[in-house]
Amino acid sequence: QVQFVESGGGLVQAGGSLRLSCAASGSTRRLNIIGWYRQAPGKLRELVAVVNSGGISASYLDSVKGRFTISRDNGENTIHLQMNSLKPEDTAVYYCNIPSRAGQDDSWGQGTQVTVSS
């Protein structure tokens, strides 16, 4: 099975930028669509962005379009989320996962905390 480890979160002022990384390990050979999710305290987890194999196509949550960019490295085992023009409402724990497995509680890693101050 695939495991993900997220990193790159931190504290940033509104308008700033962060670049998140997600390292995949395990059964990565057939890894296709990967998504970034986020969950704020007391709120449901939501899908932020997804990218397919090779980084050919991507889609985004409406509220982050034009600000966030999802990408994959050459080996496709590391996924990134470049976050620009950050807003306080972007504050959340960010996770990466395979959308088809997102309904499985044990599929989630620890995530990385992003905090945006006003």
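Remember, predicted model here, so these are calculated numbers, not experimental data. (Residues numbered from 1 in each chain as written. Predicted model: local features only at pLDDT ≥ 70, side-chain atom pairs only at ≥ 80, totals over all residues. Heavy atoms only, no water.)

A few words on the pairing of strand β8 (residues 78-83). Bridging between strand β3 (residues 18-26) and β8 involves 6 bridges; their strand directions are antiparallel. Paired with L18 across the two strands is M83, which belongs to β8. In textbook terms, the turn of a hairpin is the stretch between consecutive antiparallel strands, and for strand β7 (residues 68-72) and β8 this stretch comprises 5 residues, one of which, E76, has a positive phi near 65°. (Pairing = 2+ DSSP bridges. Helix = DSSP H or I, 4+ residues; strand = E, 2+ residues; numbered from the N terminus.)

Bridge count between strand β4 (residues 34-39) and strand β5 (residues 46-51): 5 bridges; the pairing is antiparallel. Directly across from G35, in β5, lies its bridge partner V50. Counting the residues that bridge the hairpin from β4 to β5 gives 6 residues, and of these G42 lies at a positive phi of roughly 75°. In this sheet, strand β6 (residues 58-60) lies alongside β5 in antiparallel orientation, the contact comprising 3 bridges. What sits directly across from V50, in β6, is S59. Between the antiparallel neighbours β5 and β6 lie 6 residues, among them G54 with a positive phi of about 85°.

Spatial strand order, β2-β10-β9-β4-β5-β6: 6 strands in an open sheet with mixed pairing. Taken across any chain shown, the strands that pair with only one partner, and hence form the sheet edges, are β2 (10-13) and β6. Averaged over all pairs of adjacent strands, the angle between their axes in this sheet comes to 25°, without regard to strand direction. Summarising the sheet, strand β9 (residues 92-97) and strand β10 (residues 112-117) pair through 3 bridges and their orientation is antiparallel. By the bridge assignment for β10, Y94 is matched with T112. (Axes fitted to C-alpha atoms, helices over the stretch in contact; angles between N-to-C directions.)

Once that is clear, we can look at the sheet that holds β8. As summarised here, the arrangement of the 4 strands in space is β1-β3-β8-β7, forming an open sheet in which the pairing is antiparallel. A single partner strand is all that each edge strand has here, and the edge strands are β1 (2-7) and β7. Neighbouring strand axes in the sheet, compared pairwise and without regard to direction, differ in orientation by 20° on average.

Positive phi, normally seen in glycine, also occurs at S85, with a value near 50°. Mapped onto the elements, S85 comes out in the loop between β8 and β9.

Glancing now at the nonpolar core. Counting 27 residues, the largest nonpolar core has F4, W36, L81, M83 and Y94 as its most contacted members. When residues of this core are traced back to their parent elements, those giving at least two are β1, β3, β4, β5, β7, β8, β9 and β10. (Core = buried A, V, L, I, M, F, W, Y, C linked by side-chain atoms within 4.5 Å. Buried < 20%, exposed > 50% of the residue type's maximum accessible area, 1.4 Å probe, protein only.)

What follows is about the packing of aromatic side chains. Under the counting rule described, the total for this entry stands at 2 aromatic pairs. On the numbers, 5.7 Å between centres and 75° between planes, the contact of Y95 with W108 is edge-to-face. Linking Y95 in strand β9 with W108 in the loop between β9 and β10, this pair joins segments that are 13 residues apart in sequence. Side by side, Y95 and W108 carry an identical accessibility label, which is buried. A network of ring pairs unites the aromatic residues Y37, Y95 and W108 as a single cluster. (Phe/Tyr/Trp six-rings, centres within 6.5 Å; stacked < 30°, edge-to-face > 60°.)

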